[in-house]
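Coordinate analysis (summary)
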Amino acid sequence: MSQPAVFLDRDGTINEQMGYINHLSRFRLLPQAIPGIRRLNEAGLKVVVVTNQSGAARGYFPTSLVEEIHALLQKILAAGGAHLDGIYACLHGPADGCACRKPRPTLLEQAALDLDLDLARSYLVGDRYIDIQTAANAGAKGILVLTGYGRGEYEYLRAAQAVRPVHVANDLLEAVEWILKDLNIK
Ligand SMILES: [Mg+2]
Ligand SMILES: [Zn+2]
């Protein structure tokens with residue numbers, strides 16, 4: 001039977017928002033990322049990153065850097081006893097008209113096929129309203145975190161949004177604790 005998952009945006013949600021991460025040295029995990037992801041792993045929930053990375057398409061860095069960053073992310077998480085079950089990235093630019101760039105739900109739908117996930121019982125945690133829109137487009141629940149762009153998006157953009165997050169959390173760990181409660185997982 002398909003199971004719920006927790007999808008995570010990358011920049012501003014797991015790692016510090018630094019504009020384009022155009023070098024490994026700019027990739028820094030947020031303090032609550034490892035404990036948050038570990039809690040999800042321990043609860044038996046699948047954890048999947050869904051991220052727009054248009055920097056390579058814009059010519060700012062090679063596509064291989066995205067792979068290097070994701071390998072580094074998994075390595076840092078492993079050292080902290082945590083892991084991701086999948087990383088799905090859109091590498092296209094906004095002008096490419098691709099099928100996978102958020103807020104399209106394609107990355108989540110592909111992961112749902114690959115990992116047998118139930119999107120209607122799943123969550124997407126992100127620091128931008130585009131993530132909340134993506135969750136809505138996938139039929140999942142969106143949670144806004146106030147790390148990264150989150151505080152500014154919440155303060156200045158929330159009035160104009162057509163979709164609302166089911167919850168607003170200070171950081172990823174708080175979002176995870178809310179999700180576990182929502183799913184009745186101790
Ligand atoms: Mg983000
Ligand atoms: Zn794409």
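Look up a bit, the structure's there.
Residues numbered from 1 in each chain as written. Chains lettered and ligands numbered in written order. Predicted model: local features only at pLDDT ≥ 70, side-chain atom pairs only at ≥ 80, totals over all residues. Heavy atoms only, no water.

**Thoughts on the coordination of the magnesium ion (ligand 1)**
Distances from the magnesium ion (ligand 1) to its protein donors, namely Asp9 (OD), Asp11 (O) and Asp127 (OD), fall within the range 2.1 to 2.2 Å. Between consecutive donor residues of the magnesium ion (ligand 1), the sequence gaps follow D-x1-D-x115-D. With Asp9 in the loop between β1 (5-8) and α1 (33-42) and Asp127 in the loop between β4 (123-126) and α4 (129-138), the pair connects residues that are 118 residues apart, well separated along the chain. Among the residues examined, Asp127 registers a relative accessible area of 1% and is labelled buried. (Donors = N, O, S within 2.8 Å, 3.2 Å for Na, K, Ca; no water. Helix = DSSP H or I, 4+ residues; strand = E, 2+ residues; numbered from the N terminus. Buried < 20%, exposed > 50% of the residue type's maximum accessible area, 1.4 Å probe, protein only.)

**A few points about unusual backbone geometry**
Between Lys102 and the following residue, Pro103, the backbone shows a cis peptide bond with an omega angle of 20 degrees. Topologically, Pro103 is positioned in the loop between β3 (86-90) and α3 (106-115). Positive phi outside glycine occurs at Asp116, with the angle close to 60 degrees. Of note, Asp116 is situated in the loop between α3 and β4. Its identity is not glycine, yet Asn184 carries a phi of approximately 60 degrees, on the positive side. Mapped onto the fold, Asn184 is located in the segment after α6 (172-182).

**Some words on the coordination of the zinc ion (ligand 2)**
Protein coordination at the zinc ion (ligand 2) comes from Cys90 (SG), His92 (ND1), Cys98 (SG) and Cys100 (SG), with a distance range of 2.0 to 2.3 Å. With 4 donor atoms in place around the zinc ion (ligand 2) and angles of 102 to 118 degrees between them, the coordination shape is tetrahedral. Within one chain, the residues donating to the zinc ion (ligand 2) are spaced in sequence as C-x1-H-x5-C-x1-C. The class of His92 is partly exposed, set by a relative accessible area of 32%. (Tetrahedral: all angles 85-135°; square planar, octahedral: opposite > 155°, others 65-115°.)

**Topic: the sheet that holds strand β6 (residues 167-169)**
With parallel pairing, the 6 strands of this open sheet are ordered in space as β3-β2-β1-β4-β5-β6. Looking along the sheet, the strands with just one partner apiece sit at the ends: β3 and β6. Mean inter-strand twist for the sheet, computed between neighbouring axes without regard to direction, equals 25 degrees. As paired strands, β1 and β4 are joined by 3 bridges and run parallel to one another. (Pairing = 2+ DSSP bridges. Axes fitted to C-alpha atoms, helices over the stretch in contact; angles between N-to-C directions.)

**Some details on the side chain of Asp9**
Overall, Asp9 belongs to the buried group, its relative accessible area being 7%. There is a polar contact of 2.9 Å between the side chain of Asp9 and the side chain of Thr13. For Asp9, the contacting residues outside a window of four places in its chain are Ile14, Val50, Lys102, Leu124, Val125, Gly126, Asp127 and Asp131. (Polar contact = N/O pair within 3.5 Å; in protein donor to acceptor, adjacent residues only side chain to side chain. Contact = heavy atoms within 4.5 Å.)

**A word on the pairing of β1**
Burial along β1 is two-sided: Ala5 and Phe7 facing one way and Val6 and Leu8 facing the other are all buried. Bridge count between β1 and strand β2 (residues 46-52): 4 bridges; the pairing is parallel. What sits directly across from Leu8, in β2, is Val49. Chirality of the crossover, the property in question, places the unit of β1, α1 and β2 among those that are right-handed. (Right-handed = clockwise from strand over helix to strand, strands pointing away.)

**What to know about the side chain of Glu153**
Position of Glu153 among the secondary structure elements: in helix α5 (residues 150-157). Among the polar contacts made by the side chain of Glu153, one reaches the side chain of Arg128 at a distance of 3.1 Å. Apart from residues no more than four positions distant in its own chain, Glu153 is found in contact with Asp127, Arg128, Tyr129 and Arg158.

**Some points on the pairing of β4**
Going residue by residue along β4, you find Tyr123 and Val125 tucked away on one face and Leu124 and Gly126 tucked away on the opposite face as well. Of the pairings in the sheet, the one linking β4 to strand β5 (residues 141-145) comprises 4 bridges and is parallel in character. Considered in β5, the bridge of Val125 is made with Ile143. With α4 bridging β4 and the parallel β5, this β-α-β connection has right-handed handedness.

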